[in-house]
Amino acid sequence: MKRSNLLLFSLVLTLFASLFSAALVQVEAEDIVELRFQDWRLAEEPAASALGAIVAAFEEAHPNIKVQLEPVTNTERIEKFNNQFRAGDPPDVVRFNVTEVPTEISMGAFEPLDQFLEAEGGIEAFYADFSQYLVIPAIKDDHAYAVPHEGDSFLLYVNKRLWSEAGLDPVNNPPKTFEELREANLKLTNAANNKYAFGMYPNFQWLQSWFLANGARYFNEDYTETYLDSPEAIEAFKFYIGMYTDGTVPPGAPEVGYGDQIALMAQEQVAYIQGPYATWGNIVAGNPEIEKDLLAIPFPGTGQTAGRGTEFAIGAGSKHPAEAWELIKWLTNAENMYEFFVNGSMMPARMSALEKIDLDAYPQARPMIEEAIPNTGESYPAFPEWGKCSSILNDAIIASLLGDGEPEENLRSAATQIREIIAERK
Amino acid sequence: MGKRKNVFSFSKLFKGNRLGWVFVAPSLILFIITLGYPIYYAIRLSFFEVSLNFSETFVGLDNFITAFKDRWFWNSVKNTFIYTVSSVSITVLVGLLIALALSRPWLRCRAVFHLLFLVPWTLSYVVVGSVWRWILNASYGVINAILQLLHITEANISFLGSSEYALMSVIFVNTWRSIPFAVVMLYAGLQLIPTEQVEASKVDGATSLQTFWFVTLPHLRGVIAVTTVLSTIWTFIQFDLTQVLTLGGGPNHATELLSNLIYKTSFTYYEFGYGAAIAVLMLFIVLGMTILYQRLLEKDI
């Protein structure tokens, strides 16, 4: 054979070989379903690594499913998802806060889970293992749309050493009433040395626990009436604002965000802050030395606090709802929720997962599991118009902190405005 | 016989210009898709009330009437104007002073100064907002630490958390970010002034101030006008700095600009129709500014 002919033959052979292998790869690729999983926890450590490991195990157990992780920041996540959903290209699986779930359901942004839940024994049987305050927002008109993943409540995280230096004993004698806490605040504050009692992060979610601790509630069960201007609510609000106006909270509270609150605690500029379970890990991450002095105590008063949590849903219009459901089931089974607690420091939403936690191995979880969660008063508000209502309540908080109007008048005005919004829905 | 009226017609527009239209077509199509349609959609939406499940109800001018009655709308209009006028005035004034200083013949290490003054301009508003949020923090911000070290203040000041200082602080940060643009424009303008005229004024016995007033400033008039109008448009439509620095216009709406209000109305309250109505009102204000800018360019001042 001529040399040029041999070269031509080899070229043609190579071309056929590559076309054939490309076709083979294509066939294999067509068999693999690629899921998109959008979650702000994927952008936060240690939760991101913990979730990554759980998803990797899912892929191993489901060779036909590949999960594309889509980390998203907490600030942009809602707008991003809503835009993707409106454009007909939502992620297959997405996490939302419990308080946001009803709004998204009303928008039609989540795929109904009914057909999948039927295979699990029906809605009632499937949700029996979850706290009811996390289940109610996930259901609308007898259709289920989301599965709870995280669920916990609020505690006060105190620096035992700073309390002890102020002559207080939070271990054996924590404040039991608002008045006792007010007295402790004054002892814990030394403004000349830039030391303050409480690291306030003023927003409606954090405030709610103070209301519950004083026997007040935000709403009735079906969100058709607000109790924001009840005597107990007004008293709690005045106490909360008073902590700032008394000078026991660092200046600039209206600009404080969650991260600032953690930084204040980690830098020992404040003697205590409030927060959910993750707060413990966040403080220790900011200052590992502080762990030996850290203690979680219940709120004074009734001790009741607000329940918070997150849920997974399938984006409406997902091309692979069955595979997305498999991923949600995997993420929310008791074993993986427990794994997420161990490695991601997040409290599980399933009772059976909570029972797996060895409180001797994780002593910091004891007050949350034994006191705060059983004492959950009401959940974060969860109804479609809450976005606007929460903004009105936040305005009342900030205006009162700035001395722009009396706290009582501001709260009453917020209650009136929220009542008008609720009335429109009714 | 009176002059014939100059009537616009599409056939006249295309006649003899067909090849021109072919060349313009790609960018025109892109413009219509990316700008024209969104503007049309926003204007259309402003006449509707949109429910959470996106069903639309025609409400006529209701959304505009609501805006005119809404105190937060007027609050954001006021904030936007104060923010824009203050930021632009300080930016152009300080920018001019820095440009004049940079063009002094005795200045050594000019390249280093050029680089230093350009640094803020290279940063995005999100980065600027995040960094200054730390710098101005009431509890651990470096500004408070310096003020106390120099015994200027005794207690920490809440720059971003008090209605008194918040808008002022945001204006300061925006000015810090915007000055380099003014410096670049005005410095370039200064290089175009004929040196003979400056030297002649000196020979005639003019003081430095007189030279600046009667020679430099008239030559810079055009550059100053363009810098001012461009800065005004950019500042007026700004969104990201306040969104990051004061978390969307806080505390208690003290730094809420029109753009923040539009975002909040549309994406927090999900009142898309009302949000679109505010956006349309803002569009008309910016349109006025753009026409002014065009006029300035046409006059070639």
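Sequence order as written defines residue numbering, which begins from 1 separately in each chain. As they are written, the chains are lettered A onward and the ligands numbered 1 onward, keeping that order. Where local features are concerned, this predicted model is filtered to residues with pLDDT of at least 70; where side-chain atom pairs are given and counted, the filter is 80 or more; whole-chain, interface and lining totals use all residues.

What about the overall build of chain B?
Strands here mean DSSP runs of E at least two residues long; helices mean DSSP runs of H or I at least four residues long; both are numbered from the N terminus. Within chain B, the regular secondary structure consists of 13 helices and 2 strands. A compact globule built from 301 residues would reach a C-alpha radius of gyration of about 19 Å, whereas chain B, at 24 Å, exceeds it by more than 25%. Going through the 301 residues of chain B one by one, you find that 32% of them count as buried. Just to be clear, the radius of gyration here is over C-alpha atoms, and the globule rule we use is 2.2 Å times residues to the power 0.38. Once C-beta atoms are placed from the backbone, each residue is buried if 20 or more other C-beta atoms lie within 10 Å of its own, exposed if 12 or fewer, and partly exposed for counts between those two.

Quick notes on the overall build of chain A
Scanning chain A for helices and strands turns up 19 helices and 12 strands. Summarising its shape, the C-alpha atoms of chain A cover approximately 100 × 55 × 40 Å along the three principal directions. A burial count over chain A gives 48% of its 426 residues as buried. Of the contacts formed within chain A by residues at least 6 apart in sequence, a portion of 75% connects residues at least 24 apart. Working definition of a contact: two residues with C-beta atoms, positioned from the backbone, lying within 7 Å.

Points about the packing of helix α8 (residues 166-191) of chain B against helix α10 (residues 208-236) of chain B
Residues and elements named next belong to chain B. The interhelical angle for the contact between α8 and α10, taken along N-to-C directions, is 155°, at an axis separation of 10 Å. Here α8 lies roughly antiparallel to α10, going by the angle between them. For the pair α8 and α10, the crossing hand works out as right-handed. On α10, the residues touching Asn174, Ser178, Phe181, Ala182, Met185, Leu186, Gly189 and Leu190 of α8 are Leu220, Val223, Thr227, Ser231 and Thr235. Broken down by class, the residue content of the contact of α8 with α10 amounts to 7 nonpolar, 6 polar and no charged. Here the axes come from fitting lines to C-alpha atoms, over the contacting stretch only for helices, and the angles between their N-to-C directions go from 0 to 180 degrees. Each angle receives one of four descriptions, namely roughly parallel if under 35 degrees, roughly antiparallel if over 145, roughly perpendicular if within 65 to 115, and oblique otherwise. Rotating anticlockwise by less than a right angle from the far helix to the near helix defines a left-handed crossing, while the corresponding clockwise rotation defines a right-handed one. Classification used: nonpolar for Ala, Val, Leu, Ile, Met, Phe, Trp, Tyr, Cys and Pro, charged for Asp, Glu, Lys and Arg, polar for all others including Gly.

Re the interface of chain A and chain B
Think of interface size as the accessible area that goes away when the parts come together; that is how it is often given. Counting residues at the interface gives 25 residues for chain A and 20 residues for chain B. For the side of chain A that touches chain B, the secondary-structure elements that each account for two or more residues are α4 (101-107), α12 (258-266) and α18 (386-401) of chain A. No other element matches the 6 residues that α18(A) contributes to the side of chain A that touches chain B. Split by residue class, the side of chain A that touches chain B holds 11 nonpolar, 9 polar and 5 charged.

Regarding the domain arrangement of chain A
Residues and elements named next belong to chain A. Under the domain assignment used here, chain A contains domain 1 (33-152 + 308-379) and domain 2 (155-307 + 382-425). For domain 1 and domain 2, the distance between their C-alpha centres works out to 27 Å. Counting residues at the interface gives 27 residues for domain 1, matched by 23 residues for domain 2. Listed by contribution, the elements that provide at least two residues to the side of domain 1 that touches domain 2 are α4, β6 (146-152), β11 (305-314), α17 (366-372) and β12 (376-379). Split into classes, the residues belonging to the side of domain 1 that touches domain 2 amount to 11 nonpolar, 12 polar and 4 charged. Here the limits of each domain have been adopted from an automatic or database domain assignment.

Focus: the sheet that holds strand β9 (residues 270-275) of chain A
Residues and elements named next belong to chain A. The pairing criterion is simple: DSSP has to find at least two bridges between the two strands. Ordered in space as β8-β9-β7-β10, the 4 strands form an open sheet in which the pairing is mixed. The open sheet has two edge strands, β8 (196-199) and β10 (294-297), and neither has a second partner. Mean inter-strand twist for the sheet, computed between neighbouring axes without regard to direction, equals 20°. One ladder, built from 3 bridges, connects β8 with β9; its direction is parallel. In the sheet register, Phe198 faces β9, and the bridge partner there is Tyr272.

Description of the confidence of the model for chain B
Residue and element names in this part refer to chain B. Looking at any residue, its pLDDT shows the predictor's confidence there, from 0 to 100. Looking at chain B as a whole, the pLDDT averages 89, with 94% of positions reaching at least 70. Confidence, expressed as mean pLDDT per element, reaches its minimum in chain B at helix α1 (residues 10-14) with 67 and its maximum at helix α3 (residues 62-69) with 96. Interface confidence for the predicted complex, given as ipTM, is 0.75, next to a pTM of 0.81.

Brief notes about the packing of helix α11 (residues 231-245) of chain A against helix α19 (residues 407-425) of chain A
Residues and elements named next belong to chain A. Between α11 and α19, the least distance of the axes is 9 Å, while the angle of their chain directions is 130°. One finds that α11 runs oblique with respect to α19. Crossing of α11 against α19: the hand is right-handed. Contacts between α11 and α19 involve Ala233, Ile234, Phe237, Lys238 and Ile241 from the former and Pro407, Glu408 and Leu411 from the latter. Counted by class, the contact of α11 with α19 contains 6 nonpolar, no polar and 2 charged residues.

Notes on helix α6 (residues 125-135) of chain B
All names here are of chain B. Here α6 has its buried residues at Gly129, Trp132 and Arg133. Buried residues of α6 fall within an arc of 110° about the axis and therefore sit on the same side. Tucked into the core, α6 has its buried residues touching α8 and α11 (240-245). The arc refers to the directions leading from the helix axis to the C-beta atoms.

Comments concerning the nonpolar core
Core analysis: the biggest nonpolar cluster contains 120 residues, and A:Val93, A:Tyr157, A:Val270 and A:Tyr272 have the highest contact counts within it. B:Ala67, B:Phe73, B:Val170 and B:Ile278 belong to the second largest nonpolar core, which has 33 residues in total. By definition, a nonpolar core groups buried Ala, Val, Leu, Ile, Met, Phe, Trp, Tyr and Cys residues that connect through C-beta atoms lying within 7 Å of each other.

Observations concerning unusual backbone geometry
That bond from A:Glu45 to A:Pro46 is cis: its omega, 5°, falls within 30 degrees of zero. Within the secondary structure, A:Pro46 is located in the loop between β1 (33-39) and α2 (47-61). With an omega of -5°, the peptide bond between B:Gly250 and B:Pro251 qualifies as cis. Among the structural elements, B:Pro251 can be located in the loop between α11 and α12 (258-267). Located in the positive-phi region is A:Tyr223, a residue other than glycine, with phi close to 55°. For A:Tyr223, a count of 20 C-beta atoms within 10 Å corresponds to the buried category. The backbone phi angle of A:Ser345 is positive, close to 60°, even though this residue is not glycine.

Details of the pairing of β11(A)
Residue and element names in this part refer to chain A. Most of β11 is tucked away: 10 of the 10 residues are buried. As paired elements, β6 and β11 share 6 bridges and run antiparallel to each other. Bridge pairing in β11 places Ala146 opposite Ala313. Relative to β12, β11 is paired through 3 bridges, and the arrangement is parallel. Across the sheet, Ala306 pairs through a bridge with Glu378, a residue of β12.

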